[in-house]
Every structure is written in C-alpha cells, then in structure tokens.
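A look at the structure
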Amino acid sequence: MSATFDEVFALPDGRVLPIGPSAFVLPGFARLSMDDVLPTLSEIARRSPFRHMVTPGGDTMSVAMTNCGRLGWVTDRRGYRYTEDDPDTGAPWPAMPAALSQLARAAAAAAGFTAFEPDACLVNRYLPGNRLSLHQDRNERDFDSPIVSVSLGIPAVFLFGGHKRSDKPLRVPLMHGDVAVWGREDRLRFHGVMPLKENSHPLLGGQRINLTFRKAA
Ligand code: MD3
Ligand code: FE
C-alpha cells in the first residue's frame, strides 16, 4: 500500500477544529517536528521497551505501551496507577525529552490552554487489529490540566464519546502528525480507538504510535 497524497504532503495550516466545547484537533500540528521527535521515541523504547500490560480484569491489552516523564501510567491485576519506576526494568521511566514537552506545550497553547507542564507521557503502539475500548482517563490527580495527544504513523479512527459509556461516540479520523487537545468539560469524556486497519506510513511503517501527555501529579 502506498502513502496517500495527504500523508505525504499535508502540512499544518494553523487550523484548530473543535470536536467538543473544550476539545480540539490540530491537523498536522506535529508534522514538522519529526526530525526531533522520532529519535526520542527509539531511545525511550530502548530504555523502557514496549510491553502488553494486563488490566485489573485479567485481559492483556492489544496496544503495547511504554512511558516517559517523571511518572508513567501502568496497569496490572492490582489496578491502574502512575509509577516513578518502570516495573519491567526497575529503573525510573526515561525522562521526557525537551522536543516532546515543547511540542505538547505548543499544542496546548494553540488550543487555548496556557502553561501546560506535563509530567507524564504514555506512549501507545498500535499494530493492525489493535484497539482501545471506550474508557475515561481518570487516574490523574489534576483534572484542571488538559491532555494532549499526538498521532503518528498509520491513521486510526478515534471514538469521542460522552459522559456516559452508552453515549454514541463521534468518529474522528486521526492521521500522522495530528494533535488532539482536550480539557475542562471534555476532560472526562469516554473515548477509544477503533481496530487499526492494515496500512503503511513512509516514516513509521505498519504501525501507529500515540503519545498522550498528561499532568498526573
Ligand atoms: C479523550 N489513547 O492513552 S488519545 C489513552 O489514540 C488513549 O492512543 C488514545 O485514550 C490513542 O488513554 C486516544 C486521543 C484523544 C483525543 C481527544 C479526546 C482522546 C480524547 C477527547 C476527549 C477525551
Ligand atoms: Fe484515554
């Protein structure tokens, strides 16, 4: 499969598209940062490799995860939480690279959230067929800060739900370089990712990487 015109040529144009009262998609916002961003991802995965975590219910997640930043999100049979150390290596999570925190801060500001200082970045790796079922992000202490997510690689359909699990979600395609920012009344919305379709991206191959920046503490 060859890359689409959009994947190769779409450049950020300053658009901030509202998908909720305080939720926005910034198409292509991260596209021009790849020379700085991609090497940091290899280094993070070298120090804290991607792994399939287990939910409290005992299911192994299809999405593979790692983290950078002072805190990292983990799940196991004991529950969901943030930790200072990677339970697989026993070492602190890799520090958040400046290229990543600067990108997250700039995206938050472009969406109207000033002074965003993330202390956690969850790195999700999706292969074809992998999905993320509807959930809320509520393990963070600070619900006043927004969450910033950067999509890289092959496209995915993001599910943007309501405040009840049963609310019918909006389907939002997220392409390489797209950034989503959401906070305030949209911060606790249910959301998920549809099973990834087989595809290929010129820089990332047959995978999707999603970076989710949070203020956890
Ligand atoms: C939520 N990640 O790691 S981020 C997660 O693409 C997670 O890997 C997904 O959910 C991923 O917890 C989705 C994208 C996103 C965008 C807008 C939202 C999540 C949102 C708006 C409201 C709530
Ligand atoms: Fe989430």
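Below is a summary of the structure that appears in this document.

Rules and cut-offs
- Residues numbered from 1 in each chain as written.
- Chains lettered and ligands numbered in written order.
- Predicted model: local features only at pLDDT ≥ 70, side-chain atom pairs only at ≥ 80, totals over all residues.
- Heavy atoms only, no water.
- Helix = DSSP H or I, 4+ residues; strand = E, 2+ residues; numbered from the N terminus.
- Rg over C-alpha atoms; globule rule 2.2 N^0.38 Å.
- Buried < 20%, exposed > 50% of the residue type's maximum accessible area, 1.4 Å probe, protein only.
- Contact = heavy atoms within 4.5 Å.
- Areas by Shrake-Rupley, 256 points an atom, 1.4 Å probe, with all protein chains shown as cover.
- Lys, Arg positive; Asp, Glu negative; His and termini not counted.
- Charge placed at Lys NZ, Arg CZ, Asp CG, Glu CD.
- 1 Å grid on protein atoms, 1.4 Å probe; cavity = no way out; pocket = protein on both sides within 12 Å on 5 of 7 lines; lining within 4 Å.
- Points joined across faces, edges and corners; volume = space filled by probe spheres on them.
- Nonpolar A, V, L, I, M, F, W, Y, C, P; charged D, E, K, R; others polar.
- Donors = N, O, S within 2.8 Å, 3.2 Å for Na, K, Ca; no water.
- Pairing = 2+ DSSP bridges.
- Axes fitted to C-alpha atoms, helices over the stretch in contact; angles between N-to-C directions.

**Notes on the overall build of the chain**
- For the chain, the count of helices and strands is three helices and 13 strands.
- The C-alpha radius of gyration computed for the chain amounts to 16 Å, which stays within 12% of the reference 17 Å derived for 217 residues, consistent with globular compactness.
- For the chain, the residues scored as buried account for 50% of the 217 residues in total.
- Of all intrachain contacts in the chain linking residues separated by at least 6 positions in sequence, the fraction that spans at least 24 positions is 73%.
- For the chain, the exposed area adds up to about 10300 Å²; of that, 54% sits on carbon and sulfur atoms.
- The average position of the 25 basic charges and that of the 23 acidic charges among the side chains of the chain differ by 5 Å.

**Some thoughts on the layout of surface pockets**
- Size it by volume and the largest pocket reaches roughly 710 Å³.
- Breaking the lining of the largest pocket down by element, the ones donating at least two residues are β6 (120-126), β7 (132-135), β11 (179-182), β12 (191-193) and β13 (208-214).
- There is about 240 Å³ of room inside the second largest pocket.
- For the lining of the second largest pocket, the secondary structure elements donating two or more residues are β1 (17-20) and β10 (170-174).
- Here the residues of the lining of the second largest pocket are counted per class, giving ten nonpolar, two polar and five charged.

**Brief notes about empty space enclosed by the protein**
- Per the stated rule, a full pass over the model turns up one cavity of 30 Å³ or more.
- In this structure, the largest cavity occupies an estimated 30 Å³ of space.
- Across the lining of the largest cavity, the residue classes tally to four nonpolar, one polar and two charged.

**A few points about the coordination of the iron ion (ligand 2)**
- Within the protein, the iron ion (ligand 2) binds to H135 (NE2), D137 (OD) and H191 (NE2); these donor distances fall in the range 2.0 to 2.2 Å.
- Of note, the iron ion (ligand 2) draws all its donor residues from one chain, in the sequence arrangement H-x1-D-x53-H. With H135 in strand β7 and H191 in strand β12, this pair connects stretches of sequence that are 56 residues apart.
- With a relative accessible area of 21%, H135 lands in the partly exposed category.

**Remarks on the environment of D119**
- Relative to the helices and strands, D119 resides in the loop between α3 (98-110) and β6.
- The class for D119 is buried, based on a relative accessible area of 11%.
- As for D119 and V157, which are separated by 38 residues in sequence, their C-alpha atoms are 27 Å apart.
- Those residues within four positions of D119 in sequence are excluded, and the remaining contacts are G69, R70, L71, M96, R214, K215, A216 and A217.

**Observations concerning the sheet that holds β6**
- Reading across from one edge, β1-β2-β11-β8-β13-β6-β3 is the order of the seven strands in this open sheet, with antiparallel pairing throughout. Looking at strand neighbours, the two that pair on one side only are β1 and β3 (64-68), the edges of this open sheet. For this sheet the average axis-to-axis angle between neighbouring strands, irrespective of direction, equals 20°.
- In terms of strand pairing, β6 meets β13 through seven bridges, oriented antiparallel. The partner of R125 across the bridge, within β13, is I209.
- Relative to strand β8 (residues 147-153), α3 is tilted by about 115°, and along the sheet it contacts β2 (23-26), β3, β8, β11 and β13.

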